[in-house]
Structure formats: structure tokens, C-alpha cells
Amino acid sequence: MDVAIVGIGIHPFGRTPSRSGLQQGAFAARLALQDARVEWKDIQFAFGGSASSGSADALVNELGLTGLPFINVANGCATGGSSLISAYNAIKSGEYDLGLVAGFDKHDRGAFNADPKELGLGEWYGEVGMMLTTQFFAMKIQKYMNDYNISENTLSKVAEKSFINGSKNPNAWRTEPIGVEQIASSMMVNNPLTKFMFCSPSEGGVALILSSADKAHRYTDTPVYLKGATMKSRRFGSFEVFAPSQALEQVDGPTADASKAAFEMAGVGPKDIDVMQLQDTEVGAEIMHMAENGFCEHGEQETLIQAGETHIEGSMPINTDGGCIANGEPIGASGLRQVYENVLQLRGQAGEHQVPNDPKLAYTHVYGAPGISAVTILQR
Amino acid sequence: MSNQVPIAEGLFTWPSKNPALLCSRCQDCGIATFPAAESCSACSGQNVVVEELPGRGTLWTWTVQQFMPKTPYKSGETPETFKPYGVGYVELPGGVRVEGRLTENNPAKLSIGMDMEVVFEPYRTEENGDEVISFFFRPAA
Ligand SMILES: [Zn+2]
């Protein structure tokens, strides 16, 4: 049984002092229900996640107590992707044919505060100042720039594109374009990455309605099919966040593993993809994830980005809604935002950030601590 | 003289005339893990033995932490006294790549591939006067 996305809803990302994280989730869920022309009582099951706004299943208090099974998902930055895969499998199994996936969050300002004990690490690791995701991304791109000749200017170009795309997206947080010089000269956070090259914790909510493919036309004229949905954790030897040591022999990380599995599942290849949303916790992540997901060779990013190929009008449009850099990262909602954007793109409803030429296949990728990745391939 | 205590038990030999970082070495597949663990994450085996890691290696990658982290960071510094610090992975030949703070925080003096050596130095002073000792990597002469 194939699975289709038949309804989508979003609460604008950024800062909304008047609404709790949970209320932003409910806002998105109501829009998704409307979009699919169904009522909450029609929904047979739900999966959802929130990292710092309480339990996702508290949404039933807002939406109505119908008795449905609502399962909470917690997988760091891959929470949304994991919820979606869980819902996908629930429908694919034949057990259900209409479900909701929701993610929302509302984080304090500033870098995320991670607790070493939760990840099985000694307290010393945090005490000496190594419990920071930003350091990992900086060290990974530092090594990558050294190995594959990526320039500092290319780092800034990625952020410049994110802010351009954000300025075209009414639901984005950062809606003002920021130039390359201002990005490069903003405060250094972790060399070589400056403040404007990172995403920040923010707020927002996204919800999706999924149905079995054979019933999709009851709910929408424009179903979008989930052709691939995979999730992987790290194997021994990959270079990951929050690792006090790593093996001398390096292997592919969970991104490459999840990507290969998703392409195999969908029966398509990287060249077939028309628009892609890749985890951009910071600019280096977007650059490295281009190659890890199979869209180019390692090192080719320098030429591609300098030529503007990753812009909306380019040959491989990436993070067309501004990505995490322009939207911030409400952990529970972030991965689902990518799917929301791809559904808009495939329906031709993305407005100013619509990619040209009738896209047919779209790709999402998330990566999170302590080394997990989820990928989806959508087709209209 | 003040009492010196290691920042965590089992990370390195202490007290010792020649302190060294400690890893666990899998007796089945040969993989080393730092800090020492009770099982091998390469082969899932539990046949591991604690051994000393070499004290010298090369810088595999690095960054500089430019802002003062929030808790659990615990260095005794205040926002006024905070000094940016280097962090890197040092490849210890035959062992493993270990992540550690660097004694150098000037980006111009750090480069991938440079020789590094491990040193054990006071990191902070506890309220009772104990000096907490941690490990650092320093550019090797
Ligand atoms: Zn082993």
C-alpha cells in the first residue's frame, strides 16, 4: 500500500510570544485538517514530537478527546522525520488509512544546552566545554575544506542564498536578505563559522495528514506520494557529534546510509530529484550534505555554489524555503517543515519561492545528534 | 601545596610520574575506544582491556570556541574572564582520535596535520582548594 500526503499545515516559524509551542502545533494541525477536508474525529492515529514544549500527545487537549492512539516521538533533530516514517509504516502495514503527523517547539534563545549524561557521556565532557553541537559542525567543515578545497567565500554564499529564499517565504523567521560581506564579518562563533552561518533555536509548528494512496483522492486533488522514507543511526567509524573519540578508519555516516536506502526504495537516483531540502544546521552542513546525499561529488560544491546552481532557479535548488538558517530550528517541527515545503513545491503552490519547470520529485534530509539521519523522497 | 584531583576517574593515569590517557582495547577486533568502555562499539564484544594511549599524535581537525558555553561548562571563569579555547581531534597512532581542548587558541597557529602532544594541567580550582586536573593537547616542538 502506497502512502500519500493529503493535507499540510504550518504555523509561521520565528518568535510568537502570544502562543505556546503546543498552540502552534494545534494551529498547524487545524490547517492540515482543513487542507485535507477532514475533521479531527476522522483521524485514526497520530505520531508527533516536541523537544521542549511538552508532550506532543497533549495536542489532544487542544484538538479534542477522540480516543485515538497518539505516540510521542523523540529523536533530536530527526524527530519530525522519525514521526513521519512511523506514520508511513502504520499506513503501509494496512492497519490504518488516515493519520496525522505533528511537530512543534518553542526554544529559548541561544545555543542548545545538552546534558552529557543523557547521551551516556561523563560529566567531564561538558565541564571542559565540548558539549556543543556547533563545535562538531565547525570541526567537520574545517576538515572538509582542507580535504576538498572549499573556500570561506563559499560558506558565506550558502547563507546568502538561505536569506534570499527566506525573504521570499512568508512563513520564514529571517525575511531580510543579508549580503556575503556582512555574513563573513559577523561574530566568529566556532572557526571557520560565523554567527550568520548558523541556524538558531526558534519556534514553530507543522502538521501533515497521511492517507493510504488508494483513498488519497477523497481528500485532495493533488496527493503527494511518499516513495521513500528511511532512517539510520551511525555505524562504527563515522564522524559524529558528541564523540569523545572516533575510530582511525572512517566510514560513511548515517546521512549517506539513509540516502542510499531511500533512493533504492523509491527506485530513482539523485539526478532525478528536482528540489531538495537538506539539513543546514549551519552552512557547512548544507555543503557536506550535498555530497553525502549523492547530489554531487565531494569537492564539486565549490563550483556548483559559486555558479548559483543551488538557488531556486539553479539546476539543484536546495532549501528553497530558507532552510534552518532562515527559519531557525524548532526541533520537533524542523524536519516536517522540509516536507511541508516539498509538498508546496510539488503542488506548484510555493509562490515566490516556487522552483520552475513543474517539479515532480522532491527530497528531504535531516541529521541530528548523536548521529542519526532521516530521508524522504516525495513524488506528485 | 594544594591537592590535585583528576577531572574524572579512569580518563588518564593519575597520580603518575608519566601520566597517559587510557583507552579500552578490544581483544577480539583490536579497536581502541576513549574513554575506556566496558564493551567494544565496533564488534559488540566485551573482551576489552584498559591500556595507555600514546602521548603524541597529529591534529586531525580543530576549531576555536569563541563564546563562553552555558552549563554544563564548568571552568571557574566568568563572562569577564572567559578566554576562547581551541578544541580538536588528535590522531594518536595505533590508538584512536581523541577529542580534547587545545592549549592554543590562535587560529593562525593551528593547522591540520601539525604535531601535538598530550599534557595534564590544572583546569579549575574547587571551593575546597583542590586543583582539578584535565588533559589538553599542545603543539609539539
Ligand atoms: Zn571489538
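If you're wondering where the values come from, they're calculated on a predicted model, not measured in any experiment.

Asker: Looking at this structure, I do not really get the packing of aromatic side chains. What am I missing?
Answerer: The geometry of an aromatic ring pair is captured by two quantities: the separation of the ring centres and the angle between the planes. In total, this model carries 25 aromatic pairs over all chains according to the counting rule given. Between W124 of chain A and F34 of chain B, the ring centres sit 6.2 Å apart and the planes meet at 70°, which makes this aromatic pair edge-to-face. Of the two residues, W124 of chain A is situated in helix α4 (residues 123-127) and F34 of chain B in the loop between β3 (32-33) and β4 (48-52); the pairing between them involves two chains. With relative accessibility at 2%, the residue F34 of chain B sits in the buried group. Ring geometry for F82 of chain B against Y85 of chain B: centres 6.1 Å apart, planes inclined by 75°, an arrangement best described as edge-to-face. Classification of F82 of chain B by relative accessible area gives buried; the value is 13%. Chaining the aromatic ring pairs together yields one cluster made of F136, F137, F239 and Y367 of chain A together with W60 and Y89 of chain B. Just above the ring of W173 of chain A sits the side chain of R174 of chain A; from NZ or CZ to the centre is 3.9 Å. Positioned above the aromatic ring of Y85 of chain B is the side chain of R101 of chain B, whose terminal nitrogen or guanidinium carbon lies 3.7 Å from the ring centre.

Asker: Explanation requested: the coordination of the zinc ion in the structure shown.
Answerer: In an ideal octahedron of six donors the angles at the metal are 90 or 180 degrees, and in an ideal tetrahedron of four donors they are 109.5 degrees. Residues and elements named next belong to chain B. Bound to the zinc ion on the protein side are C26 (SG), C29 (SG), C40 (SG) and C43 (SG), at distances that span 2.3 Å. Of note is the zinc ion, whose 4 donor atoms meet at the metal with angles of 104 to 121° in an arrangement that counts as tetrahedral. Written as a sequence motif, the donor residues of the zinc ion are C-x2-C-x10-C-x2-C. Among the residues examined, C29 registers a relative accessible area of 37% and is labelled partly exposed.

Asker: I would appreciate a short explanation of the sheet that holds strand β2 (residues 22-26) of chain B in the present structure.
Answerer: Note on sheets: strands pair through backbone hydrogen bonds, and any given pair is parallel or antiparallel. Across the sheet, which stays open at both edges, the 3 strands sit in the order β3-β2-β4 (chain B) with antiparallel pairing between neighbours. On the outer flanks of this sheet lie β3 and β4 of chain B, each paired with one strand and no other.

Asker: What is the right way to look at the sheet that holds strand β4 (residues 98-106) of chain A in this model?
Answerer: Residue and element names in this part refer to chain A. In space, the 9 strands of this open sheet follow the order β3-β2-β4-β7-β1-β8-β12-β11-β10, with mixed pairing throughout. Across the chains shown, the open sheet's two edge strands, defined by having one partner strand only, are β3 (70-72) and β10 (275-278). In this sheet, neighbouring strand axes are inclined to one another by 20° on average, regardless of whether the strands run parallel or antiparallel. Two elements, strand β1 (residues 3-14) and strand β8 (residues 224-233), share 2 bridges in a ladder whose sense is antiparallel. Each bridged residue has a counterpart across the sheet, and for A4 the counterpart in β8 is Y225. Along the sheet face, helix α8 (residues 254-266) touches β8, β11 (361-368) and β12 (372-379) and points at about 145° away from the line of β8.

Asker: Would you mind going over helix α6 (residues 152-167) of chain A with me for this structure?
Answerer: Residues separated by three or four positions in an α-helix point in the same direction, a consequence of the helix having 3.6 residues per turn. Look at α6 of chain A: 23 Å from first C-alpha to last across 16 residues, which is about the 22 Å you get at 1.5 Å a residue. Elements in contact with the buried residues of α6 of chain A: α5 (133-148), α7 (180-185), β6 (193-194), α9 (283-292), α10 (301-306) and α11 (323-327) of chain A.

Criteria and cut-off values
- Residues numbered from 1 in each chain as written.
- Chains lettered and ligands numbered in written order.
- Predicted model: local features only at pLDDT ≥ 70, side-chain atom pairs only at ≥ 80, totals over all residues.
- Heavy atoms only, no water.
- Phe/Tyr/Trp six-rings, centres within 6.5 Å; stacked < 30°, edge-to-face > 60°.
- Helix = DSSP H or I, 4+ residues; strand = E, 2+ residues; numbered from the N terminus.
- Buried < 20%, exposed > 50% of the residue type's maximum accessible area, 1.4 Å probe, protein only.
- Lys NZ or Arg CZ within 6 Å of the ring centre and 35° of its normal.
- Donors = N, O, S within 2.8 Å, 3.2 Å for Na, K, Ca; no water.
- Tetrahedral: all angles 85-135°; square planar, octahedral: opposite > 155°, others 65-115°.
- Pairing = 2+ DSSP bridges.
- Axes fitted to C-alpha atoms, helices over the stretch in contact; angles between N-to-C directions.
- Contact = heavy atoms within 4.5 Å.
- Expected span 1.5 Å × (residues − 1).

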